[in-house]
Amino acid sequence: ASPAGLQATLTGQLTTEADPGTPLVDVHFAVLTSRSAALARATEAQMRAEVDILNTYFKGADGSKPVRFRFKSLVYANQLPATVCAPLVALGDLNQAYSYTALMAAYNGCTDSRLVDPKAINVYVYDSYAKVGGDEDITSHGIHNSGHPLVLFDWERLDHTTQSPEEHEFGHVFGLGHVCVPG
C-alpha cells in the first residue's frame, strides 16, 4: 500500500501538519515489558523522541518525506487489568523466541483500544529473546498486516541506537522489504 493509502486506512482522512501534501500518521505506543530497566527508559518523553526521530530520518530515496508522524498515546500494559489481551501482553517478557503466528493471533484478537489502536500504527516496546543471546537479543519487527500495522521494538533499541531501528521497522510497516546492496 502507498503511504497515503495506509494513512487513509489508519485515520480515515488525510491530515497534515506543516506540508498540506504530506499525510500525518498517528503512532500509539504500548510498553509490554515489565523489566525495570525498560520501564525507566520507555518514558513518554522517550516515545515522543521516537516520533521526532521518525520525522527526522524516515525519508524516501530522493530525500523527500512521504509522511509525517504524530505521537498519539502511550500505555503501560502493567497498569492494565491482567486479563486485558493477555496473549499480546505476554509477548513483552517472553523467555523464548516468539512465534509470528502467535503474535498475529494475539494482535488481531485484541479488541482493547488501549493496546491496539485501530487508527494508529501500534508500536510495542518489549524485551526480545532468542536462543542465541537470550535477553540480550535486540530483534525488532515492523509488520504491514494488511493495513493494520504494528511494530515490535526491543527496548534496548530505543533512541536510534542500533541499525537505525525506527525508520527500518516503519519501512516494513509501509510494505518495504530489505534491499541487499553489494559491498
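Here the structure is a predicted model, which means the values were calculated and not measured.

Colleague: Could you give an account of the environment of Val25, naming the residues involved and the relevant values?
Modeller: Within the element layout of this structure, Val25 appears in strand E1 (residues 24–31). Its relative accessible area of 0% is what places Val25 among the buried residues. Each C-alpha atom of the pair Val25 and Phe71 lies 8.7 Å from the other, and the pair is 46 residues apart in sequence.

Colleague: Provide a residue-level description of the nonpolar core, including the pertinent values.
Modeller: Judged by nonpolar contacts, the single largest core of 24 residues is most densely connected at Phe69, Ile121, Val123, Phe170 and Phe174. Listed by contribution, the elements that provide at least two residues to this core are E1, helix H3 (44–57), strand E2 (68–76), strand E3 (121–126), strand E5 (150–154) and helix H6 (165–173). With 4 residues, the single largest contributor to this core is E1. Counting 21 residues, the second largest nonpolar core, distinct from the first, contains Ala77, Leu115, Tyr124 and Leu150.

Colleague: Please give an account of the confidence of the model for the protein that cites residues and values.
Modeller: Predicted confidence across the protein gives a mean pLDDT of 82, with 81% of residues reaching 70 or more. Per-element confidence in the protein is highest for E2, whose mean pLDDT is 97, and lowest for helix H1 (residues 3–11), whose mean pLDDT is 43.

Parameters and conventions
- Residues numbered from 1 in each chain as written.
- Predicted model: local features only at pLDDT ≥ 70, side-chain atom pairs only at ≥ 80, totals over all residues.
- Heavy atoms only, no water.
- Helix = DSSP H or I, 4+ residues; strand = E, 2+ residues; numbered from the N terminus.
- Buried < 20%, exposed > 50% of the residue type's maximum accessible area, 1.4 Å probe, protein only.
- Core = buried A, V, L, I, M, F, W, Y, C linked by side-chain atoms within 4.5 Å.
- pLDDT = per-residue confidence, 0-100.

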